[in-house]
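A closer look at the structure
Here are the chains, one letter per residue:
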Amino acid sequence: MTRAGVQGGGAPAPRAVDVARLAGVSQKTVSRVFNGERYVSEDVRRRVFGAAEELGYRLNSAARALASGRTRSIGVVTLGTALYGPASLLVGIERATRDAGYALRVVNTLEGEPAGIAGAVESLLDQGVDGIVVSEPIDEGPVAFGVDVPVLVLGAPAEFGASRVVAAGVAAESQARAATEHLLDLGHVTVHHLAGPQRWFAARDRLAGWRAALADRDRRQPPVIEGDWSAASGYAAGRELAADGEATAVFAANDDMAIGLIRALTDAGLRVPEDVSVVGFDDIPVAAYVTPPLTTVRQQFDAVAREGLRLLVQAIEKPDAEPAPAGDPPVDLVVRASTAPPPAR
């Protein structure tokens, strides 16, 4: 049996009245949602868009834009990478954008492409987006261009002009500080750091948090080893630290490097955590299942995306309102079996 209004088999195309019936609202409410009018609850908005999707109803986007003065679309500039952090943040942005009743348009940039951000923003503006999210994790130098729609910057400094710029960070510095303090609280004299590539803003923030934690307690800062986010670079760092023989605690800037580090330490005959404690960063899905289960900092990607989209939508829909301050996500240190007090000397 075919649902009334569903296309296929000669059935008529779904209409707005079908969407209203399935969503349990009036046809006028459906029109208000599709036209982007204010004072429609998020629950009603989700029900209407969910019903439209289930029925295969496609609103004429040109008509909607004419009615509301907006396309109800948000563009995202992000690095084209499969790395866990940027990819997870993009998923969170997509979910938050959809929940806010907007469509998402994504343009990827490439690492080492200085003009990539400007070109990506220009492409999105040509598509008529109402706002732009810049989730670009790498420092490609100053970007000189103007944007006539509100811009949300996630985790990187805003270095361009826009009608309004709002920011939501990922609190990487305070999270790295908490990871380092955890190791110091266990009794380690100092903590070594396996850093990420320093062209990445997140790697710099985590390095700064590690340094601040050691400085606050007047502890020696060992030489930093820089990796490239991969488990292979973590393995190379682990061999270096095992040969040195001084490290009893290591904070790695991401979980992949921490996992490679642990493998190298184990291959060298050292036990984790009995000889060397290791803390990672991100809480990737496999972190709880490696041997030993990895102590790490869990990033709140969904919370950052929701907070950022809230600020951006407010800037789009209420351009004259004072922007509310962004709140930092809580520090979430997940303590597992890879950390322990230092070995007795």
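Within each chain, residue numbers correspond to sequence positions counted from 1 in written order. Per-residue local features are limited, in this predicted model, to residues with pLDDT of at least 70; the limit for side-chain atom pairs, both in listing and counting, is 80 or more; totals at the level of whole chains, interfaces and linings are taken over all residues. The basis for every side-chain value is the complete set of non-hydrogen atoms in the structure, without hydrogens or water.

**Here's the deal with the sheet that holds strand 1 (residues 73-79)**
Basically, it comes down to this: Note on pairing: two strands pair once DSSP finds at least 2 bridges between them. We count a stretch as a helix when DSSP gives it H or I for four or more residues in a row; a strand needs E for two or more, and each element gets its number in order from the N terminus. To obtain each axis, a line is fitted to C-alpha atoms, and for helices this fit is confined to the stretch in contact; angles are then taken between N-to-C directions over 0 to 180 degrees. In this description, contact between two residues means that some pair of their heavy atoms is separated by no more than 4.5 Å.
The 5 strands lie next to each other as 2-1-3-5-7, forming an open sheet whose pairing is parallel. Lying at the two open borders of the sheet, with one neighbouring strand each, are strand 2 (103-109) and strand 7 (165-168). Averaged over all pairs of adjacent strands, the angle between strand axes in this sheet comes to 20 degrees, irrespective of strand direction. Of the strand pairs in this sheet, strand 1 and strand 2 are connected by 7 bridges, and their pairing is parallel. Residue Val77 lies in a different strand from strand 2, and its bridge partner there is Val107. Those strands touched by helix 6 (residues 116-126) are strand 1, strand 2 and strand 3 (131-135), and its axis lies near 155 degrees from that of strand 2.

**Points about the confidence of the model for the protein chain**
Spelled out, the test is: Note on scores: pLDDT gives the predictor's confidence for each residue, bounded by 0 and 100.
Averaged over all residues, the pLDDT of the protein chain is 86; the fraction at 70 or higher stands at 85%. Low pLDDT (under 50) marks residues 1-10, which in the prediction has 14 contacts with non-local residues, meaning those over four places away or in another chain. Contacts for the low-pLDDT stretch residues 61-68, under 50 throughout, to residues beyond four places or in other chains number 10 contacts.

**A look at the pairing of strand 12 (residues 295-298)**
Looking at chain direction, strand 11 (residues 277-282) and strand 12 are connected through 4 bridges and run parallel. Counted as the bridge partner of Gly280 is Thr296 from strand 12.

**Some thoughts on the packing of helix 1 (residues 16-23) against helix 3 (residues 42-55)**
In a packed pair of helices, the relevant descriptors are the angle between the two axes and the axis-to-axis distance. Rule in force here: If an angle is under 35 degrees, it is roughly parallel; if it is over 145, roughly antiparallel; if it lies from 65 to 115, roughly perpendicular; otherwise it is oblique. Crossings are assigned a handedness: left-handed for a near helix turned anticlockwise from the far helix by less than a right angle, right-handed for a clockwise turn. Residues are grouped as follows: nonpolar covers Ala, Val, Leu, Ile, Met, Phe, Trp, Tyr, Cys and Pro; charged covers Asp, Glu, Lys and Arg; every other residue, Gly included, is treated as polar.
As a packed pair, helix 1 and helix 3 sit with axes 8 Å apart at the nearest point and diverge in direction by 120 degrees. Classed by the angle they form, the pair helix 1 and helix 3 counts as oblique. When you trace helix 1 past helix 3, the crossing you get is right-handed. Contacts between helix 1 and helix 3 involve Asp18, Val19, Leu22 and Ala23 from the first element and Arg47, Val48, Ala51, Ala52, Glu54 and Leu55 from the second. Among the residues forming the contact of helix 1 with helix 3, the class breakdown is 7 nonpolar, no polar and 3 charged.

**Considerations on the environment of Gly209**
Selection rule: Only protein chains enter the calculation, and the probe is 1.4 Å; a residue is then buried if its accessible area is under 20% of its type maximum, exposed if over 50%, and partly exposed in between.
Along the chain, the position of Gly209 falls in helix 8 (residues 201-216). A relative accessible area of 0% places Gly209 in the buried class. With 36 residues separating them in the primary sequence, Gly209 and Glu173 have C-alpha atoms 4.3 Å apart. Those residues within four positions of Gly209 in sequence are excluded, and the remaining contacts are Glu173, Ala176 and Arg177.

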